[in-house]
Amino acid sequence: MTEVSAKMPSIVLFGDGRDWHGKSLRRAFERRGIRPLVVPLAQCGFSTETATGLAIPGLGDHCPKGAFVRFVPGGSFEQVTLYLGLLHALRELGVTVWNDARAIERCVDKSTTTFFLQKAGLPTPRTFAGVDRSTAEGIVSRLVQEGRSVVEKPLFGAQGKGIRLVASVQDLSPPEDVDGVYYLQEFVPPAQKHHQDWRLFVSGGRVVASMIRHGEDWITNIKLGARAKAAIASQSLMDLAVRAASSVGADYAGVDIIQDRDGRFLVLEVNSMPAWNGLQKVTSLRLSDTVVDAFLADALPKRGRDAEGES
Ligand SMILES: Nc1ncnc2c1ncn2[C@@H]1O[C@H](COP(=O)(O)OP(=O)(O)O)[C@@H](O)[C@H]1O
Ligand SMILES: [Mg+2]
């Protein structure tokens, strides 16, 4: 290693570092003697004038060992494509990226998550996705005839935003309200008195924390006011969460699982950039430490032996 590269950061943390997660991740790295380069993806780009082909402020020609993606900002189709392109490029350079761009793509697009869950043989509610309005109407009328309700979700949704219950064809949103894509899922009626589902936090191939979220409303996101209760999942529920994360190639993930009236657990979604501040409130383990340890074991496998630290 040259003198210059020895001082270069081995880890990049993509995000602005100012939110709760960014700060808590940064502190977790620092407790391990690592000062990550914290940089928002919106300040990064490509350049043929660097050795790596990337333009990441603070790195120059240096290639990091690991990149932790806290946050991919929204933007135009072109901007988001560029951000994901950067993450793909880092992987192509041999950098450990958590989560990898492929996992982020598979999770942000709920229809692709559904595809991978099914491909892995994992239970998930009956789900349909497409652009054509009359096909969507046909699906709703078929499920309604079977006595089911239908959940309409934004393809790129998060935190319960824009999710609606559709009881008839007339309830379907106009195409402009769903950005032209209908993602329709059979409603799973509550198995308990309250509405509730599980959130399991998977990191490095195991469930590190879990909770039940319950609320008055059927959409049990913490952001929408649902309450979190610590709950230890059964081994089979944990296995399901781990398999769901791995089906989309996520190294860490927040997996949402609902139980139906027959007691079956069904995977609702896999979050590749999950928030864990809600879960942290009901968990004694410091989750940022747990994630960072698993990430570093992957990105800097020799670290334990060499005690790599940075000033
Ligand atoms: N098919 C469904 N049946 C019953 N409840 C659902 C269903 N899909 C979603 N929900 C409820 O809505 C919440 C948000 O749905 P989810 O698919 O996790 O999207 P988001 O990305 O917005 O969190 C879930 O945590 C659950 O409470
Ligand atoms: Mg969710």
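Sequence order sets the numbering: in each chain, residues are counted from 1 along the sequence as written. To label them, take the chains in the order written and letter them from A, then take the ligands in the order written and number them from 1. Reporting in this predicted model follows two pLDDT cut-offs: at least 70 for local features of residues, and 80 or more for side-chain atom pairs to be given and counted; totals over whole chains, interfaces and linings ignore these cut-offs and use all residues.

This part is about the overall build of the protein chain. Comment: elements are numbered from the N terminus, with helices defined as DSSP H or I runs of at least four residues and strands as E runs of at least two. Along its length, the protein chain carries 10 helices and 15 strands. Over its C-alpha atoms the protein chain spans a radius of gyration of 21 Å, differing by no more than 12% from the 19 Å that the globule rule assigns to 311 residues. Along the first, second and third principal axes, the C-alpha atoms of the protein chain reach 70 × 40 × 30 Å. For the protein chain, restricting intrachain contacts to residue pairs at least 6 apart in sequence, the fraction spanning at least 24 positions comes to 63%. Radius of gyration here uses only the C-alpha atoms, and the compact-globule reference equals 2.2 Å multiplied by the residue count raised to the power 0.38. Residues are defined as contacting one another if the C-beta atoms placed from their backbone atoms lie within 7 Å.

Each helix should span, by expectation, one fewer than its residue count multiplied by 1.5 Å. Between its first and last C-alpha atoms helix 3 (residues 77-92) spans 22 Å; for 16 residues at 1.5 Å apiece the expected length is 22 Å, and the two agree. The burial criterion counts other C-beta atoms lying within 10 Å of a residue's C-beta, which is placed from the backbone; the residue is buried at 20 or more, exposed at 12 or fewer, and partly exposed between these limits. Turning to helix 3, its buried residues number three or more, namely Tyr83, Leu86, Leu87 and Leu90. Looking straight down helix 3, one finds its buried side chains confined to an arc of 90 degrees; they lie on one side. Of the exposed residues in helix 3, those oriented more than 90 degrees away from the buried face are Phe77, Glu78, Thr81 and Glu92. On its buried face, helix 3 sits against strand 4 (54-55), strand 5 (66-69), strand 6 (96-98) and helix 4 (101-108). Looking one or two places after helix 3, you find Gly94, whose phi comes out positive at around 90 degrees. The arc in question is formed by the directions pointing from the helix axis toward the C-beta atoms.

Residue Asn99 is reached from Trp98 by a cis peptide bond, and omega for that bond is -15 degrees. A positive phi is found at Gln159, a non-glycine position, where the angle reads about 60 degrees. Secondary-structure assignment places Gln159 in the loop between strand 8 (150-153) and strand 9 (164-166).

Take the site of ligand 1 next. We count a residue as near a molecule or strand when its backbone-placed C-beta atom lies within 6 Å of that partner. Ligand 1 sits among 20 residues. The nearest are Val188, Ile219, Thr220, Asp256 and Glu269. Taken domain by domain, the shell around ligand 1 gets at least three of its residues from each of domain 2 (106-123 + 190-272) and domain 3 (127-186). Delimitation of the domains relies on an automatic or database domain assignment.

Let us now look at the sheet that holds strand 10 (residues 182-186). Following DSSP output, two strands are said to pair if at least two bridges run between them. Spatially, four strands are ordered 7-10-8-9 in an open sheet, and the strand pairing comes out antiparallel. What marks the edges here is a single partner per strand, and that holds for strand 7 (127-130) and strand 9. Direction aside, neighbouring strands of the sheet carry axes that sit 25 degrees apart on average. With four bridges joining them, strand 7 and strand 10 adopt antiparallel strand pairing. Residue pairing for strand 10: Phe128 is matched across the bridge by Leu184. Working convention: axes come from line fits to C-alpha atoms, limited for helices to the stretch in contact. Angles between N-to-C directions cover 0 to 180 degrees. Relative to strand 10, helix 6 (residues 133-145) is tilted by about 10 degrees, and along the sheet it contacts strand 7, strand 8, strand 9 and strand 10.

Counting residues in hydrophobic clusters, the biggest one holds 65 residues, and the most contacted among them are Val69, Val255 and Ile257. In terms of residue count, helix 9 (residues 287-299) provides more of this core than any other element does, six residues in total. Counting only domains with at least three residues in this core, you end up with domain 1 (3-99 + 291-306) and domain 2 (106-123 + 190-272). Those residues in contact with Val69 that lie beyond four places of it in its chain are Phe14, Leu87, Val97, Trp98, Asn99, Ile104 and Met273. Residues Ala136, Leu172, Val178 and Tyr182 belong to the second largest nonpolar core, which totals 11 residues. Put simply, a nonpolar core is buried Ala, Val, Leu, Ile, Met, Phe, Trp, Tyr and Cys residues tied into one set by C-beta atoms within 7 Å.

Here the focus is the sheet that holds strand 6. Ordered in space as 2-1-5-6, the four strands form an open sheet in which the pairing is parallel. Each having just a single partner strand, strand 2 (37-39) and strand 6 make up the two edges of the open sheet. For this sheet, the mean inter-axis angle between neighbouring strands, taken without regard to orientation, is 15 degrees. As paired elements, strand 1 (residues 11-14) and strand 5 share four bridges and run parallel to each other. Paired with Ile11 across the bridge in strand 5 is Gly66.

Remark: helix 3 packs on helix 4, axes separated minimally by 8 Å, with the N-to-C direction vectors making an angle of 145 degrees. In this structure, helix 3 uses Leu84, Leu87, His88 and Arg91 to contact helix 4, whose residues at the interface are Ala101, Ile104 and Glu105.

All right, on to the domain arrangement of the protein chain then. The assigned domain composition of the protein chain is domain 1 (3-99 + 291-306), domain 2 (106-123 + 190-272) and domain 3 (127-186). Taking only C-alpha atoms into account, the centre of domain 2 sits 21 Å from that of domain 3. Every contact between the two is made by nine residues of domain 2 and, on the other side, nine residues of domain 3. Per-element tally for the side of domain 2 that touches domain 3: the top contributor is helix 5 (residues 110-119), with three residues.

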